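Analysis of the macromolecular model
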Amino acid sequence: MKQDIFRKNWIVALLAMLCCFLWGSAFPCVKIGYALFHIEAHDTAAQILFAGLRFTLAGILTVLIGSLLSQKFLIPKKTSLQMVFHLSMTQTVLQYLLFYIGLANTTGVKASIIEASNVFIAILLSSLVFKFEKLRTNKILGCILGFLGVVLINLTKQGFDASMTFKGEGAILLSTVSYAVSSVLIKKYSQKENPVTLSGYQFFFGGIIMTVAALLMGGRLHGFTVKSTLLLFYMAMISAVAYSIWGILLKHNPVGKVTVFGFMNPVFGVILSAILLKEQNQAFTVQGLFSLILVCVGIYLVNREATQPKKLKQKQM
């Protein structure tokens, strides 16, 4: 009976929206964290240390939450250690190294929309490289619309935004590629290992790697107060809670039914960045809103395609 509750439509919608809200809130929270910990845009070592501490804590929390839900302590199999390493390098180290550097050199609004492109990149990798699924018309159209949305947010009357740099928007875009690769790897690895276990341990080991590397680079954090410490804990909880809930929903429901809510990530990211970072001039313009609509429609089309084969099969039966 307890498992059936996670199949109810309103429960799925409520919990999935909570996950999207948490992930969307990460964009402004990182920039707020930079201010609270006095991290400058050029201080790469401190940025990496900030990320390392967050994900080390996130890994611990994910394993603890997953263990409580499973009623047993989650430990990866020996054969899964290599998978954990691959995920920690792509999903945590490389992705967030680029993400934190990029976010220090661009706006939260731009970052949230550019990050949404990971959905399209993952689809292309899954279809063209790993051959997990076919690249159908709806997916191609969704990828095109999403790409147009990313381009539009960087356009001004003079053409592309002059602030578009490799260390800013470029780093954010590369981080989405890394995340897309990790998404495809999770799809492959979760057939052999609990996805919550994989996420928790890759967060932990990835966070440790980033923390040690940052310390060796001379990275230091200053400004530990009750407020900044609570923010760090909240950011760790974003990953721990969202990934745990998302894993439970995927366990008890068809993938398409859950992932279709992913289009809300950039929506929450833009809205929260606009409110918390006072970026209303960029978020609430015709150009900003239209670019967001393009990304959301693109994500919807990609996810809708994933549910069609199952519906067709049910009709045939």
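Values in this document were obtained by computation on a predicted structure and should not be read as measured data. All residue numbers refer to positions counted from 1 along the written sequence of the respective chain. Local features in this predicted model are restricted to residues of pLDDT 70 or higher, and side-chain atom pairs are both shown and tallied only at a pLDDT of 80 or more, whereas totals for entire chains, interfaces and linings draw on every residue. Each side-chain value is worked out from all heavy atoms of the structure, with water and hydrogens disregarded.

**Examining the overall build of the chain**
Basically, it comes down to this: Counting from the N terminus, the helices are DSSP H or I runs at least four residues long and the strands are E runs at least two residues long. Partly exposed describes any residue whose relative accessible area lies between the buried limit of under 20% and the exposed limit of over 50%, with all areas from a 1.4 Å probe on protein chains only and scaled to the type maximum. Areas reported here follow the Shrake-Rupley algorithm with a probe of radius 1.4 Å; residue values treat only the protein chains shown as occluding.
What the chain contains, in helices and strands, is 13 helices and two strands. When the 317 residues of the chain are sorted by exposure, 51% land in the buried category. About 15,600 Å² of surface is accessible on the chain, with carbon and sulfur atoms providing 70% of the total.

**Overview of the nonpolar core**
To keep it simple, the criterion reads: Here, nonpolar core refers to any group of buried Ala, Val, Leu, Ile, Met, Phe, Trp, Tyr and Cys residues whose side-chain atoms link them within 4.5 Å. Here a residue-residue contact requires only that any non-hydrogen atoms of the pair lie within 4.5 Å.
Counting 60 residues, the largest nonpolar core has Phe50, Phe99 and Tyr100 as the members making the most contacts within it. Ignoring any residue separated from it by four or fewer positions in sequence, one finds Tyr100 in contact with Val30, Tyr34, Gln47, Phe50, Ala51, Arg54, Phe55 and Met235. Of all hydrophobic cores here, the second largest spans eight residues; its members include Val63, Val84, Leu198 and Tyr201.

**Considerations on the packing of helix 1 (residues 9–36) against helix 3 (residues 81–103)**
Each pair of packed helices can be described by the angle between their axes along with the distance between the axes. Operational definition: In this description, a line fitted to the C-alpha atoms serves as the axis of each element, helices being fitted only across the stretch in contact, and the angle between N-to-C directions of two axes falls anywhere from 0 to 180 degrees. Here roughly perpendicular refers to angles of 65 to 115 degrees, roughly parallel to angles under 35, roughly antiparallel to angles over 145, and oblique to all remaining angles. In this scheme, a crossing is called left-handed if the near helix is turned counterclockwise away from the far one by less than a right angle; it is called right-handed if the turn is clockwise. Gly is put with the polar residues, along with every residue not named as nonpolar or charged; the nonpolar set is Ala, Val, Leu, Ile, Met, Phe, Trp, Tyr, Cys and Pro, and the charged set is Asp, Glu, Lys and Arg.
Two numbers describe how helix 1 lies on helix 3: the axes approach to 10 Å, and their chain directions differ by 70°. In this view, helix 1 runs roughly perpendicular relative to helix 3, as classed from their interaxial angle. When you trace helix 1 past helix 3, the crossing you get is right-handed. For the pair helix 1 and helix 3, the contacting residues are Phe27, Val30, Lys31 and Tyr34 in the first and Phe99, Tyr100, Ile101 and Leu103 in the second. Grouping the constituent residues of the contact of helix 1 with helix 3 by class yields seven nonpolar, no polar and one charged.

**A short note on the packing of aromatic side chains**
The criterion, for reference: Stacked, edge-to-face and tilted labels apply to pairs of Phe, Tyr and Trp rings (six-membered ring for Trp) whose centres lie within 6.5 Å, assigned for plane angles under 30 degrees, over 60, and everything in between, in that order.
Scanning the entire structure with this criterion turns up nine aromatic pairs. Ring centres of Phe37 and Phe50 lie 5.4 Å apart, and the angle between their planes is 50°; this geometry places the pair in the tilted category. Taken together, the residues Phe37 in the loop between helix 1 and helix 2 (44–70) and Phe50 in helix 2 connect sequence positions 13 residues apart. As far as burial versus exposure is concerned, Phe37 and Phe50 are alike and both buried.

**Remarks on helix 1**
Selection criterion: To estimate how far a helix should reach, multiply one less than its number of residues by 1.5 Å. Two axes define the bend at a residue: one fitted to the seven residues ending there, one fitted to the seven starting there, and the bend is the angle between them.
Helix length check: helix 1, at 28 residues, gives a terminal C-alpha distance of 40 Å against a target of 40 Å (1.5 Å per residue), a fit within 8%. For helix 1, the principal kink sits at Phe27 and spans about 35°; a proline, Pro28, occurs within the next four residues. Where helix 1 ends, the next residue or the one after it, His38, has phi of about 55°, a positive value.

**A closer look at unusual backbone geometry**
Although it is not a glycine, His38 adopts a positive phi angle of roughly 55°. Residue position: His38 is located in the loop between helix 1 and helix 2. Note on His38: relative accessible area 56%, which makes it exposed. One non-glycine residue, Gln71, lies in the positive phi region at around 60°. Among the secondary structure elements, Gln71 is positioned in the loop between helix 2 and helix 3.

**As for the packing of helix 2 against helix 3**
Look at helix 2 against helix 3: their axes get within 9 Å of each other, and the N-to-C directions meet at 130°. Comparing their axes, helix 3 and helix 2 come out oblique. Here helix 2 and helix 3 pass one another in a crossing that is right-handed. Residues Thr44, Gln47, Ile48, Phe50, Ala51, Arg54 and Phe55 of helix 2 pack against Thr92, Tyr96, Leu97, Tyr100 and Ile101 of helix 3. Its residues assigned to classes, the contact of helix 2 with helix 3 comprises eight nonpolar, three polar and one charged.

**Looking at the state of the cysteines**
Two cysteines form a disulfide when their sulfur atoms are joined by a covalent bond. Definition in use: Whenever a pair of cysteine sulfur atoms sits within 2.5 Å, that pair is classed as a disulfide.
With the rule as written, the count across this model stands at zero disulfides. Summary of cysteine pairing: Cys20 is not part of a disulfide, and the nearest cysteine sulfur, belonging to Cys19, is at 6.7 Å. According to the relative accessible area criterion, Cys20 is buried, its value standing at 0%.

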